[in-house]
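# Architecture and fold: a report
The residues making up each chain are set out below.
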Amino acid sequence: MISIWLWPAAFAIGLILGLFGAGGGMVTVPALMFLADMDVKTAVATSLWFVAFVSLTAAIHQRFWQELRPRLLITFAVSGMIGGALGSRIGLLLPAFVQVAMLALLTFYVAWWTSRVRLTERVSVFRFIPAAVTGLVIGILTGALGVGGGFLLVPALIYLGINRFQLAVSHSLVLIFLNAIVAAISYLPSLKIDAPLTAGIAGLAAVGSIGGGLLLKRLPGDSLKKGFAVLLVLLGALMIWEAWRMQAG
C-alpha cells in the first residue's frame, strides 16, 4: 500500500536535488521501499526514472547551457553512460540484501562527505583519465544502486577545473540525467515500472527541485550540509536495519 507520506517526500527529494545537485537517489530508493512498498530492485529502477526527470528539470531551471565546460561534460557523460549500462546489469545480479546494505554504507559515506568536504581545491588543466575513470565509477553506482552520484560528481568537477559550486551543481545535474536515463532504459526488459506513480512523484519532485535551485542562492551552505548529513545518517540506519531483516528472514 502506498503511504500518503510518499507525496511530501517526493517534493522534499526534489528540493534536496536542486540544492545540492546530489542526494536525490539516496533518498528516493528508501522512500520507494518504505512508502510505496516496493522491493529494492524495482525501487532502484523506478528511482532512476525519477532522478533523471528531476535532474533534467533542475538543470534547465538553472540554465546549465549559459556556461559550459565541454571537455569535462563530454568525458564524464560518455564514461558515465557506459557505467550506467554496466551498473544496471550488476544491480540485477546482486542479492537484494546486499544491494540494500551497499546503499546504506554509501549513504553513511555521503553523510560523512557532506559534513566534512571543503570544495576549494581545484586544478586548471583538464585531465582526461581521472575524468573518464570517475565518470565510469559514478555511472556504475548509478545503475547498480539507483543513485545519481552527484555527491561524487560535484567535488570531482570542481577539482578538475570548475571554479564555482553553483556551476558544478548545474553540470552535475546534466550528468545525473544522462547516467540515470541510460541505466533506467537498461532495466526495462527485466523489471516492470509503475509509470503513473513514477510520473506523479517525479512531477512533485520537479517542483521541489525548482524551489531548491532558488534556495541554493539564498541559504547558508554550512547549515544545509549539516542538515542533509543528519538526514542521510537516519536513512542509512533504516537501510541497515532493512538489510538485516531481509537477511534474517
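Whatever comes next refers back to the structure up there.
Below, the structure is looked at part by part.

Basis of the calculations
- Residues numbered from 1 in each chain as written.
- Predicted model: local features only at pLDDT ≥ 70, side-chain atom pairs only at ≥ 80, totals over all residues.
- Heavy atoms only, no water.
- Helix = DSSP H or I, 4+ residues; strand = E, 2+ residues; numbered from the N terminus.
- Buried < 20%, exposed > 50% of the residue type's maximum accessible area, 1.4 Å probe, protein only.
- Areas by Shrake-Rupley, 256 points an atom, 1.4 Å probe, with all protein chains shown as cover.
- Salt bridge = Lys/Arg side-chain N within 4 Å of Asp/Glu carboxyl O.
- Axes fitted to C-alpha atoms, helices over the stretch in contact; angles between N-to-C directions.
- Parallel < 35°, antiparallel > 145°, perpendicular 65-115°, else oblique.
- Left-handed = near helix turned anticlockwise from the far one by under 90°.
- Contact = heavy atoms within 4.5 Å.
- Nonpolar A, V, L, I, M, F, W, Y, C, P; charged D, E, K, R; others polar.
- Polar contact = N/O pair within 3.5 Å; in protein donor to acceptor, adjacent residues only side chain to side chain.
- Core = buried A, V, L, I, M, F, W, Y, C linked by side-chain atoms within 4.5 Å.
- Expected span 1.5 Å × (residues − 1).
- Patch = residues over 30% accessible without salt bridge, like charges linked within 9 Å, V, L, I, M, F, W, Y side chains within 5 Å.
- Phe/Tyr/Trp six-rings, centres within 6.5 Å; stacked < 30°, edge-to-face > 60°.

### Focus on the overall build of the protein chain
Within the protein chain, the regular secondary structure consists of ten helices and zero strands. When the helices and strands of the protein chain are placed in sequence order, the string is α-α-α-α-α-α-α-α-α-α. For the protein chain, the residues scored as buried account for 52% of the 249 residues in total. About 11100 Å² of surface is accessible on the protein chain, with carbon and sulfur atoms providing 71% of the total.

### Looking at the environment of L17
Along the chain, L17 falls in helix α1 (residues 6-20). With relative accessibility at 2%, the residue L17 sits in the buried group. Between the alpha carbons of L17 and V27 there is a distance of 9.8 Å; along the sequence they are ten residues apart.

### Structural notes on the pattern of salt bridges
Note that side chains of opposite charge can pair when their charged atoms are close. Taken as a whole and judged by the stated rule, the model has one salt bridge. A salt bridge links E67 to R69; the nearest nitrogen and oxygen atoms lie 3.5 Å apart. The exposure class assigned to E67 is partly exposed, which follows from its relative accessible area of 30%.

### Re the packing of helix α3 (residues 40-61) against helix α8 (residues 165-187)
At a minimum axis separation of 8 Å, α3 and α8 run at an interaxial angle of 150°. As judged from the angle between their axes, α3 and α8 are roughly antiparallel. Considering only the axes of α3 and α8, their crossing is left-handed. For the pair α3 and α8, the contacting residues are V44, A45, L48, W49, V51, A52, S55, L56, A58 and A59 in the first and S170, L173, V174, I176, F177, A180, I181, A183, A184, I185 and Y187 in the second. By residue class, the composition of the contact of α3 with α8 is 19 nonpolar, two polar and no charged.

### Things to note about the side chain of S186
As for its position among the elements, S186 is in helix α8. Among the polar contacts listed, one links the side chain of S186 to the backbone oxygen of V182, at a separation of 2.9 Å. Contact partners of S186, with chain neighbours within four places excluded, come to A85, S88 and R89.

### A few points about the nonpolar core
In this structure, M26, F50 and F76 are the most contacted members of the largest nonpolar core, which totals 69 residues. Aside from chain neighbours lying at most four places away, what touches F76 is A131, T134, G135, L153, A156, L157, L160 and L175.

### Some points on unusual backbone geometry
Positioned with a positive phi, D37 is a non-glycine residue whose angle comes to about 60°. One can find D37 in the loop between α2 (24-35) and α3. By relative accessible area, D37 is classed as exposed at 57%.

### Some details on helix α4 (residues 70-93)
Taking 1.5 Å per residue as the helical rise, α4 with its 24 residues ought to reach 34 Å, and the 35 Å between its terminal C-alpha atoms agrees with that figure. Residues of α4 that are buried include every one of L72, L73, T75, F76, A77, S79, G80, G83, G84, G87, S88 and G91, and no others.

### A word on a nonpolar patch on the surface
Judged by side-chain polarity, I2, I4, W5, W7, F11, L204 and V207 come together as a nonpolar surface patch covering roughly 710 Å² of accessible area. Looking at the nonpolar patch, the elements with two or more residues in it are α1 and α9 (195-216). With respect to the element layout, V207 can be found in helix α9. You can call V207 partly exposed: its relative accessible area is 49%.

### Observations regarding the packing of aromatic side chains
All told, the structure shown has one aromatic pair when counted by the stated rule. A ring pair is formed by F64 and W65, whose centres lie 5.4 Å apart and whose planes are at 80°; its orientation type is edge-to-face. The partly exposed category is assigned to W65, whose relative accessible area is 47%.

### Considerations on the environment of L86
Residue position: L86 is located in helix α4. Taking the relative accessible area as the measure of exposure, L86 reaches 44% and is therefore partly exposed. Between the C-alpha atom of L86 and that of I140, which follows or precedes it by 54 residues, the distance is 6.1 Å. Excluding residues within four positions of it along the chain, L86 makes contact with L136 and I140.

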